[in-house]
Amino acid sequence: MPAGSSGLLRKAASPLRTNTLSPKPTALSGQSENSHMIDVNDYRENGFVLAKGFFPPEEVEQIYADAREVFTLQMRRLGIVASRAPSESEFEAGMFKLFEADLQTFANCGKQAQHLISLHRLSLDKRIVSALKGLGLEFPNISTRPLLYFNAERLAKKEVYWRLDVHQDWRSMQGSLDSVVVWLPLIDIDKTLGALQVYPGSHKWGLLEAEIVDGYGHLRSDLDKAKLISVEVERGDALFFSTLLVHQSGTNVSPSIRWSCHFRYNNLSEPTFIERGFPHPYLYKPQSDLITPNFPSPTEVRKIFDSGES
Ligand SMILES: O=C(O)CCC(=O)C(=O)O
């Protein structure tokens, strides 16, 4: 991580503050855990707040380690890496090779990584829940499953798989008006790696006209992109932002992969959400045909249960 990169937000966006105690009594009163790291007034004004050191970095690292293991298991099967614990550079080179050698397996690894227990556990962490309550979400609820991103141009067949243009998450979530995204880097992310870019105050504009492309509502309006601020972050930081905040991916111009995870929450107590009958736009369904034909055979099944080993 380049020295001082995590201070960029403060320098670039003054008077935005990060990781500070709110000077005025707010909805935080009575909250415990890490909610004191969230300045509610800043959040309301700017639509986002960066909580530096919200988690000990090693807690977040577990997700990164688990995600790496998912890919490594398949790299070993295909002879791309030999070790179960490849070095950082072997692993990264292996990711590019796996993508080229077997796109289906690469995509499957990406899907399995979305289901890691460590990822889901962190999304339910009481420090996040109490911070959400501090932001006024009286009855926080998961909007969609946690997301784990690994962005690099060389790992994407389409632009949307590595870089998202300006959008508002509310367009795809359609949940409560006070819904929140928690964006966590799994590694230190500076501008070179494509730090997320946010447009301070844009959440107050309401829902902008957008066109849904690949599941994201791409904004049609002419936006002054010069007003976007790059939020450089270190592992352990947590960026909380309103789902109405205009934001986009920074461009990862480094040779490395940018790892992050994103959690999205609605507030079931928000009156317009109740009034609209709690709409839920996400579909989740299994593929009906057998993905591996003629599998499993009775012998393969018996082997699992008879030996007691898998
Ligand atoms: O992490 C990114 O680059 C963009 C993520 C994002 O904007 C989203 O998932 O809505």
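As shown above, the structure is provided for reference.
Counting of residues starts from 1 at the beginning of each chain's written sequence and follows it residue by residue. Given that this is a predicted model, residues contribute local features only at a pLDDT of at least 70 and side-chain atom pairs are listed and counted only at 80 or more, while totals for whole chains, interfaces and linings are drawn from all residues.

Asks: What is the right way to read the site of the ligand from this model?
Replies: Neighbouring residues of the ligand: Tyr149, Leu164, Asp169, Leu196, His247, Ser249, Ser260 and His262. Only Asp, Glu, Lys and Arg are considered charged, only Ala, Val, Leu, Ile, Met, Phe, Trp, Tyr, Cys and Pro nonpolar, and every remaining residue, Gly among them, polar. Of the residues that constitute the shell around the ligand, the class distribution is three nonpolar, four polar and one charged. Placing the C-beta atom from the backbone, one calls a residue near a molecule or strand if that atom lies within 6 Å of it.

Asks: So what exactly am I meant to see when it comes to the packing of helix H3 (residues 57–77) against helix H5 (residues 103–113) here?
Replies: Helix-helix packing is characterised by the crossing angle of the two axes and by the distance between the axes. Contact pair H3 / H5: the axes reach a minimum separation of 9 Å and the direction vectors enclose 150 degrees. Taken together, the axes of H3 and H5 are roughly antiparallel relative to one another. In the packing of H3 onto H5, the handedness of the crossing is right-handed. Across from Ala67, Val70, Phe71 and Gln74 in H3, the residues of H5 making contact are Thr105, Cys109, Gln112 and Ala113. When its residues are assigned to classes, the contact of H3 with H5 shows five nonpolar, three polar and no charged. Where helices are involved, their axes are fitted lines through C-alpha atoms of the stretch in contact, as for all axes, and angles between N-to-C directions lie from 0 to 180°. Helix and strand definitions follow DSSP, with helices as H or I runs of at least four residues and strands as E runs of at least two, each counted in order from the N terminus. The labels follow the angle: roughly parallel below 35 degrees, roughly antiparallel above 145, roughly perpendicular from 65 to 115, and oblique for the rest. In a left-handed crossing the near helix is turned counterclockwise from the far helix by less than a right angle, and in a right-handed crossing that turn is clockwise. Contact between residues is assigned whenever the C-beta positions, reconstructed from backbone atoms, fall within 7 Å.

Asks: Sorry, what's going on with the pairing of strand E10 (residues 258–267) here?
Replies: Put simply, a residue is buried when 20 or more other C-beta atoms lie within 10 Å of its own C-beta and exposed when 12 or fewer do; between those, it is partly exposed, and each C-beta is set from the backbone. Within E10, nine of the 10 residues are buried, which leaves the element mostly enclosed by the surrounding structure. In the sheet, strand E2 (residues 140–151) pairs with E10 via nine bridges, with the strands oriented antiparallel. Within E10, the residue paired with Leu147 across the bridge is His262. Strand direction decides the pairing type here: strand E3 (residues 180–185) and E10, joined by six bridges, are antiparallel. By the bridge assignment, Val182 is partnered in E10 with Phe263. Note on pairing: two strands pair once DSSP finds at least 2 bridges between them.

Asks: Teacher, can you tell me more about unusual backbone geometry here?
Replies: With glycine set apart, most residues show a phi of negative sign, and most peptide bonds adopt trans. Cis geometry is found at the peptide bond from Phe295 to Pro296, where omega equals 5 degrees. Structurally, Pro296 is set in the loop between helix H9 (271–275) and helix H10 (298–307). One non-glycine residue with positive phi stands out, namely Phe278, at about 55 degrees. With respect to the secondary-structure elements, Phe278 resides in the loop between H9 and H10. Residue Phe278 is classed as exposed on the basis of its C-beta count, with 12 C-beta atoms lying within 10 Å. A positive phi angle is found at Asn294, which is not glycine, with a value near 60 degrees.

Asks: Explain the sheet that holds strand E4 (residues 196–198) to me, please; I cannot follow it from the model alone.
Replies: In a beta sheet, neighbouring strands are held together by backbone hydrogen bonds and run either parallel or antiparallel to one another. Spatial ordering of the open sheet is given by E7-E4-E9, a layout of three strands whose pairing is antiparallel. Only two strands of the sheet have a single partner each, and these edge strands are strand E7 (229–231) and strand E9 (247–248). Two elements, E4 and E7, share three bridges in a ladder whose sense is antiparallel. Paired with Leu196 across the strands is Val231, a residue of E7.

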